[in-house]
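Here is what each chain is made of, one letter per residue.
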Amino acid sequence: MSQFSDHNFKNQKALVRVDFNVPLDKDFNITDDTRMRAAVPTIKKILNDGGSVILMSHLGRPKDGPDKKFSLKHLLPHLKELLGDDNVLFANDCIGDEAIKKSEELKPGEVLLLENLRFYKEEEKGDEEFAKKLASLADVYVNDAFGTAHRAHASTAVIAQFFPKDKRMFGLLMNAEVSSAEKVLNESEKPFLAIIGGAKVSDKILIIENLLERATDIIIGGGMAYTFFKAMGGKIGNSLCEDDRLDKARELLEKAKQKNVNIHLPADSIIADKFDANAMVSGSLSNDIPDGWMGLDIGEMACETFSKVIHHSKTILWNGPMGVFEMKKFQHGTKTIAEAVAEATADGAFSLVGGGDSVAAVNEFGLADKVSYVSTGGGALLEYFEGKELPGIKAIKE
Ligand code: AMP
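Residues numbered from 1 in each chain as written. Predicted model: local features only at pLDDT ≥ 70, side-chain atom pairs only at ≥ 80, totals over all residues. Heavy atoms only, no water.

Regarding the site of the ligand
Looking at the ligand, there are 16 residues lining it, with Ala199, Gly223, Gly295, Glu326 and Asp357 nearest. One of the backbone nitrogen or oxygen atoms of Gly223 is found 3.1 Å away from a nitrogen atom of the ligand. Gly295 places a main-chain nitrogen or oxygen 3.0 Å from a nitrogen atom of the ligand. Taken together, the residues of the shell around the ligand sort by class into seven nonpolar, five polar and four charged. (Near = heavy atom within 4 Å. Polar contact = N/O pair within 3.5 Å; in protein donor to acceptor, adjacent residues only side chain to side chain. Nonpolar A, V, L, I, M, F, W, Y, C, P; charged D, E, K, R; others polar.)

Describing the packing of helix H7 (residues 201–211) against helix H9 (residues 246–258)
It is at 11 Å that the axes of H7 and H9 come closest, and there the two elements cross at 15°. Taken together, the axis directions place H7 and H9 in an arrangement best described as roughly parallel. The hand of the H7/H9 crossing is left-handed. Across from Ile205, Ile208 and Glu209 in H7, the residues of H9 making contact are Lys248, Glu251, Leu252 and Lys255. Across the contact of H7 with H9, the residue classes break down as three nonpolar, no polar and four charged. (Axes fitted to C-alpha atoms, helices over the stretch in contact; angles between N-to-C directions. Helix = DSSP H or I, 4+ residues; strand = E, 2+ residues; numbered from the N terminus. Parallel < 35°, antiparallel > 145°, perpendicular 65-115°, else oblique. Left-handed = near helix turned anticlockwise from the far one by under 90°. Contact = heavy atoms within 4.5 Å.)

Thoughts on the sheet that holds strand E4 (residues 111–114)
One open sheet holds the six strands; their spatial order is E3-E4-E2-E1-E5-E6, and the pairing between them is parallel. Whereas interior strands pair on both sides, the edge strands pair on one side only; in this sheet they are strand E3 (88–91) and strand E6 (168–170). Across the sheet, the mean angle separating the axes of adjacent strands is 25° when strand polarity is ignored. Pairing of strand E1 (residues 13–17) with strand E5 (residues 140–143) involves four bridges; the strand directions are parallel. Looking at E5, one finds that Val16 is bridged to Val142. Where helix H1 (residues 34–49) meets the sheet, it contacts E1, strand E2 (52–56), E4 and E5, and its direction lies at approximately 150° from that of E2. On the sheet, helix H3 (residues 97–105) packs against E1, E2, E3 and E4 and is oriented at approximately 155° with respect to E3. (Pairing = 2+ DSSP bridges.)

Following this line, the structure appears as structure tokens:
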């Protein structure tokens, strides 16, 4: 593996796997360009060196070959804007004659965007021949798509073998993602706190299990907390609960005790009579929620206790909201926790926020630049913290 920042791309063609899987509205306008903006520094470094860039990405989930709805062509005008350059070319296919010809003719300082990789089923299958065809377009392979690093697809992992070690590397975004995740998982300054929230325990069991080996404290909030309360014999009314995970919840609590990891559950909750922005609202202990009511946010006592734990921590990982923060009435808990994480960061803690909904929350509260790192990888980050080796990382490193 070679270091991107040390590499001189002069007169080289770099094939860069980006994650341009951006949301589009029905008129194909980009509604959130975060992922595109995140790739710009990598593209610019290559161009500034005097190299050329061939961009490849997937967009959406096309079912059966080419589909206009999922064409990367929709992204071309905005890509030109972001790069401040009209000289961005497009190939209507990611392999084949047009892609080969346009790649061959690409001059230093130019960018070529290839059509959606997932128009070929070979991409997700990790087909070697397909990966080889993509590889033949360029001299250097740069993976800057952390969001897909957990997939063993042709363009994210399989392709790396067709480049020598000094011609395959992480881009700047991928480097930043990997080093901040590594810092938290393997070099965390103690106390290390993990804040885990969101809807389902089942999605977060593996991450909690892995963190039990490393964390000092784990805060469990959001809908998933109620499965734990029920497992301990509490009354949770109509709150979210996964009855098939009650044993697992008990097992996790027991393991935490053995490993001296402090688990913090929200002592109280904001409860509602229905899952609705206009629901009637009250407060309750989280283990004594009346029938017909459901916990949709953490309460004031929980906010206070959780904030104290956050302020004592030196490393903080946050994945998942504390309540239904999409509705104003139930966003106080998530906002309080976001503010506490920002304050702890200002006091010197390292904080990493990752996973779609907690990222949306820090953005909504205007706190994204007040935490140490906001990850662009949802599933990839989760799998990393579950202790799995991500194929996209492994392929470049080995
Ligand atoms: P996840 O994708 O598992 O991280 O879950 C995020 C979702 O969990 C968000 O859409 C929240 O609205 C939802 N959520 C958080 N707390 C609760 C709760 N107490 N009850 C129901 N849904 C919740």
